[in-house]
Amino acid sequence: MENKEIAAVLNEISQLLELAGENPFKVRAYAQGARTIEIQDRPAVELISKGELARIKGIGATLSQQITELVRDGETALHRDLQKKFPAGIREMLRVPGLGPKKVKELLERLSIRSLGELEYACHENRLVTLPGFGEKSQQNILRGIEHLKKFQGRFLFGEAYPQAQELLSSLVGHPAASRGAIAGSLRRCKEIVKDIDLVAESARPGDLMDFFTSLPAVEEVLAQGTTKSAVRLRSGMQADLRVVAPGAFPFALHHFTGSKEHHIALRSLANDRGFKLNEYGLFRREKPVSCRDEGDIYRRLGLDYIPPELREDWGEIAAAREKTLPKLVEEKDLRGTFHLHTYRSDGSPTPDQWVQAAREKGYGYLGLSDHSQSAAYAGGLKAEQLRAQEAEVRQANGAQKEVRLFRGIESDIRPDGSLDYPAQELARFDFIVASVHSRFNLTEAEMTRRLVRAVENPYTTMLGHPSGRLLLARDGYPVDMDAVLEAAARQGVIIELNANPHRLDLDWRLLKKAKSLGLRIAINPDAHHLEGLADVHYGVGIARKGWLTKEDVFNTREAGEVADYLEKRRKRAGQKR
DNA sequence: GCCGTTTTCGGCCCGACTGTTTTCAGTCG
């Protein structure tokens with residue numbers, strides 16, 4: 001059983017214990033244990049065999065026993081009993097905003113409601129109003145919450161939410177009552193999926209700013225309005241929350257509402273140890289406020305280096321900030337070019353000349369064009385006989401100007417047996433090759449792992465495209481032993497793509513740290529099919545930062561000449577190996 | 001349930017808002 005699966009079970013145990021009315025600290029201990037086991041570099045089975053499991057901070061005797069039981073039997077008695085007591089329908093009710101374990105328990109015990117469907121029915125029957133702790137309002141809110149769950153599932157892509165947040169923010173900071181404003185929440189931390197938009201603003205006239213916010217054209221419905229907090233539902237279906245604070249409190253509010261919760265728990269605990277108290281209004285030493293101009297000051301007063309928002313996941317960043325070993329994260333301005341762009345020849349729209357123009361506008365020195373290969377018939381993959389024309393076209397675009405170097409590549413399908421999609425003499429002619437899986441996702445994990453390992457062992461493979469194959473909010477990645485694939489890529493010097501398309505953001509940031517530790521280079525590629533898609537590298541950079549990557553870890557921060565030399569050398573070596 | 005350079009027992013981040021109450025519990029971030 002993998003660490004991730006173990007974590008999922010522990011998390012569920014935590015939720016169910018909460019439903020059972022257990023000690024909240026016990027509940028938290030299980031949730032914390034889940035996180036701890038998930039971020040271990042080594043599999044639990046190894047930790048158990050070496051007797052190191054119970055020595056990990058946050059895993060004590062009981063959790064260690066539960067994990068051991070899980071690894072040995074694939075399940076635990078505790079988990080099984082809890083599941084029997086609280087079936088899936090009950091757990092689903094916890095996703096309704098405003099419903100927590102206590103209220104779900106009440107619904108269960110007093111009205112025998114055991115699923116979302118039953119809950120909706122009970123609301124329509126007006127049966128919640130008489131329940132203690134509930135009333136007319138909460139019944140309506142629950143109905144609306146169910147409606148919303150059904151409609152949107154309450155989750156949105158980073159790339160969907162970000163432009164909306166930007167627009168709201170620019171409206172807000174343009175208002176005379178606002179002196180400062182910022183995006184906060186998981187969006188600021190660059191999570192690939194977000195639940196809502198959090199905004200923080202500073203104002204001496206909060207009432208005016210709130211009136212302005214709740215009447216913006218993007219707002220469909222005002223869910224709550226006060227002088228410190230307002231919440232609205234946007235026409236897009238997203239919820240946006242605005243917090244307004246008085247001048248001086250802004251850094252603390254921004255920090256607080258950026259999260260994550262786990263980061264705050266760890267940080268406040270450290271603050272306590274050092275004689276401080278930290279909350280959303282300030283940093284205090286013996287009840288006396290400590291002045292901070294910005295978030296950097298907050299960390300410095302606590303004896304830490306500044307921790308960028310993307311890293312605030314309680315994933316080792318606090319220890320690194322204390323030891324002054326935080327990485328200097330890559331920035332968008334470090335990128336010198338990018339790869340994996342489609343043209344009109346397969347399923348994209350731009351011509352090579354148009355891509356050159358787009359690169360120029362972005363200040364890039366090079367672009368790597370890679371249309372689909374012949375097996376991807378659905379995407380207009382290039383037949384072998386079309387390759388000469390493509391070659392000539394790229395050569396011509398390069399001859400016509402000197403500012404932007406176009407590299408001629410292909411996004412080669414990885415066939416089910418792991419081979420690439422053209423004969424070697426064709427592969428040898430490309431400047432670079434992105435190898436990706438686009439079909440036959442239904443192989444077993446062992447077969448898929450073999451397939452990907454074989455693909456990265458092909459001497460012509462330059463990079464592995466969207467390694468997991470996931471489509472966020474739509475499709476999980478195929479089953480594959482990603483560790484084995486990454487290790488093979490590291491042996492072969494194959495670059496790993498961080499596909500920056502908001503639907504993919506693949507390789508996942510949780511694995512980037514692992515890839516980095518293997519010495520792998522990462523290419524932040526937009527996988528763009530239209531000119532506007534080039535801007536998606538922004539999301540890729542956010543995820544790269546979240547994965548602790550520096551400029552040096554990212555392949556396309558190199559200058560055009562260096563990239564050209566690298567690709568040429570690799571191509572020569574591949575020719576010799578063949 | 002976990003943890004300990006004051007502690008092996010007694011803490012565990014902390015405050016606002018909502019809807020329900022008539023002083024507060026539950027939820028949320």
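As shown above, the structure is provided for reference.
Please read these numbers as outputs of a predicted model, since none were measured by experiment.

Caption draft 1: Structural detail: empty space enclosed by the protein. For the structure on display, the rule yields two cavities of 30 Å³ or more. Estimates place the volume of the largest cavity at around 90 Å³. Together, 13 residues line the largest cavity, and D431, F432, Y460, T462 and R571 are the ones closest to its centre. Elements supplying a minimum of two residues to the lining of the largest cavity: strand 14 (432–436) and helix 24 (560–577). Examining the composition of the lining of the largest cavity, we find that four residues originate from one element, helix 24, more than from any other. Among the residues forming the lining of the largest cavity, the class breakdown is eight nonpolar, two polar and three charged. Lining of the second largest cavity is provided by T343, R345, P352, L369, D371, Q390, E393 and V394. With three residues, the top contributor of residues to the lining of the second largest cavity is helix 18 (residues 387–399). Residue composition of the lining of the second largest cavity, grouped by class: three nonpolar, two polar and three charged.

Caption draft 2: Seen up close, the nonpolar core. I197, L199 and L302 are the most contacted members of the largest nonpolar core, which has 114 residues in total. Here the element with the most residues in this core is helix 10 (residues 158–173); it accounts for six residues. Aside from chain neighbours lying at most four places away, what touches I197 is A161, Q164, A165, L168, L187, L234, M238, Q239, A240 and D241. In this structure, V9, A34, L47 and L82 belong to the second largest nonpolar core, which totals 42 residues.

Caption draft 3: Spotlight on the side chain of R312. On the secondary structure map, R312 appears in the loop between helix 15 (295–301) and helix 16 (317–322). Excluding residues within four positions of it along the chain, R312 makes contact with R188, R189, H255, T258, G259, S260, H263, E295, Y299, Y306, I307 and E317.

Caption draft 4: Molecular detail of helix 2 (residues 24–38). With 15 residues, helix 2 ought to run about 21 Å at 1.5 Å a step, and its terminal C-alpha atoms sit 21 Å apart, in line with that. Where helix 2 is concerned, the buried positions are V27, Y30, G33, A34, T36 and I37. With a side-chain oxygen lying 2.9 Å from the backbone nitrogen of F25, the N-terminal cap of helix 2 falls on N23.

Caption draft 5: Summary view of the sheet that holds strand 8 (residues 276–279). Overall, antiparallel pairing links the three strands, which are arranged 8-9-10 in an open sheet. Bordering the open sheet on either side are strand 8 and strand 10 (288–290), each of which pairs with just one other strand. The average angle at which neighbouring strand axes cross in this sheet is 35°, direction not considered. Pairing analysis gives three bridges linking strand 9 (residues 282–285) to strand 10, with the strands arranged antiparallel. Along strand 10, the bridge assignment pairs R285 with K288.

Calculation notes
Residues numbered from 1 in each chain as written. Chains lettered and ligands numbered in written order. Predicted model: local features only at pLDDT ≥ 70, side-chain atom pairs only at ≥ 80, totals over all residues. Heavy atoms only, no water. 1 Å grid on protein atoms, 1.4 Å probe; cavity = no way out; pocket = protein on both sides within 12 Å on 5 of 7 lines; lining within 4 Å. Points joined across faces, edges and corners; volume = space filled by probe spheres on them. Helix = DSSP H or I, 4+ residues; strand = E, 2+ residues; numbered from the N terminus. Nonpolar A, V, L, I, M, F, W, Y, C, P; charged D, E, K, R; others polar. Core = buried A, V, L, I, M, F, W, Y, C linked by side-chain atoms within 4.5 Å. Buried < 20%, exposed > 50% of the residue type's maximum accessible area, 1.4 Å probe, protein only. Contact = heavy atoms within 4.5 Å. Expected span 1.5 Å × (residues − 1). Polar contact = N/O pair within 3.5 Å; in protein donor to acceptor, adjacent residues only side chain to side chain. Pairing = 2+ DSSP bridges. Axes fitted to C-alpha atoms, helices over the stretch in contact; angles between N-to-C directions.

Take it as geometry only, folks, not as evidence of what the structure does.
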